[in-house]
Amino acid sequence: MRAEPEADSTEPFINIGFRLPNGKTIKRRFYRDQMIQDLHDFVMVQDNTGFDEEDTRDGFELLNGYPRKALKDEDMEKAIGEMFTKNQEMFIVNPKISL
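Residues numbered from 1 in each chain as written. Predicted model: local features only at pLDDT ≥ 70, side-chain atom pairs only at ≥ 80, totals over all residues. Heavy atoms only, no water.

Participant: Please explain the pairing of strand E5 (residues 88–95) as it appears in this structure.
Facilitator: Successive side chains on a regular strand alternate, one facing one side of the sheet and the next facing the other. Pairing between strand E1 (residues 13–19) and E5: 5 bridges, direction parallel. Directly across from Arg19, in E5, lies its bridge partner Ile92. Relative to E5, strand E3 (residues 60–64) runs antiparallel, the two being bridged by 5 bridges. Following the sheet pairing, Glu61 is matched in E5 by Asn94. (Pairing = 2+ DSSP bridges. Helix = DSSP H or I, 4+ residues; strand = E, 2+ residues; numbered from the N terminus.)

Structure, rendered in structure tokens:
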């Protein structure tokens, strides 16, 4: 994954927040030409996310907007800037429930 852009970067970036299952919010800047997959990968490497021990880290989805909508597998290869045009976005990290 690319290094986080500096706040004064001349390359276009977006501020993204992630609300984790434990209630904690983490924030990071991403370049707009990075892939949606990078958002997923960023959450995967975080410690203390609030996932239950039996949950796998792959067992989550990123929800955005209202009404809430999950990013799909086919979105993972799209550029962040292609899907999101605002300067900031917030995602809810939602554990997937297996039945």
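Participant: Help me out: how do you make sense of the pairing of strand E2 (residues 25–31) in this one?
Facilitator: One ladder, built from 7 bridges, connects E1 with E2; its direction is antiparallel. Looking at E2, one finds that Phe13 is bridged to Tyr31. Linking E1 back to E2 in an antiparallel pair, the connection comprises 5 residues, with Gly23 at a positive phi of about 90°.

Participant: I'm lost on the pattern of salt bridges in this one. Help?
Facilitator: Oppositely charged side chains may form a pair once their charged atoms are brought near each other. Under the definition given, this model contains 4 salt bridges. Here Glu4 makes a salt bridge to Arg29, at a shortest N to O gap of 4.0 Å. In this pair, Glu4 sits in the segment before E1 while Arg29 sits in strand E2, placing the two residues 25 residues apart along the sequence. Here Lys78 and Asp75 are joined by a salt bridge, their closest N and O atoms 3.4 Å apart. (Salt bridge = Lys/Arg side-chain N within 4 Å of Asp/Glu carboxyl O.)

Participant: What is the right way to read the nonpolar core from this model?
Facilitator: Core analysis: the biggest nonpolar cluster contains 18 residues, and Phe18, Leu39 and Leu62 have the highest contact counts within it. For this core, the elements supplying multiple residues, two or more each, are E1, E2, helix H1 (36–44), E3 and E5. When residues no more than four places from it in sequence are discounted, the contact partners of Leu62 are Phe18, Leu39, His40, Val43, Lys69, Ala70, Leu71, Phe91, Ile92 and Val93. (Core = buried A, V, L, I, M, F, W, Y, C linked by side-chain atoms within 4.5 Å. Buried < 20%, exposed > 50% of the residue type's maximum accessible area, 1.4 Å probe, protein only. Contact = heavy atoms within 4.5 Å.)

Participant: What should I look at first to understand the sheet that holds E3 in this one?
Facilitator: Strands belonging to one sheet form pairs held by backbone hydrogen bonds; the direction of such a pair is parallel or antiparallel. With respect to topology, 5 strands assemble into an open sheet ordered E2-E1-E5-E3-E4, the strand pairing being mixed. Whereas interior strands pair on both sides, the edge strands pair on one side only; in this sheet they are E2 and strand E4 (69–70). On top of the sheet, H1 reaches E1, E2, E3 and E5; it is set at about 125° to E3, its chief contact. (Axes fitted to C-alpha atoms, helices over the stretch in contact; angles between N-to-C directions.)

Participant: Please clarify how the packing of aromatic side chains should be interpreted in this entry.
Facilitator: Both the distance between ring centres and the angle between the ring planes are used here to describe each pair of aromatic rings. Throughout the structure, instances matching the rule amount to 5 aromatic pairs. Note on Phe30 and Phe42: the rings are 5.8 Å apart at their centroids and 90° apart in plane angle, and the pair reads as edge-to-face. With Phe30 in strand E2 and Phe42 in helix H1, this pair connects stretches of sequence that are 12 residues apart. The class for Phe42 is buried, based on a relative accessible area of 11%. Pairwise contacts between aromatic rings join Phe18, Phe30, Phe42, Phe84 and Phe91 into one cluster. Over the face of the ring belonging to Phe30 we find Arg28, whose NZ or CZ atom lies 4.6 Å from the ring centre. (Phe/Tyr/Trp six-rings, centres within 6.5 Å; stacked < 30°, edge-to-face > 60°. Lys NZ or Arg CZ within 6 Å of the ring centre and 35° of its normal.)

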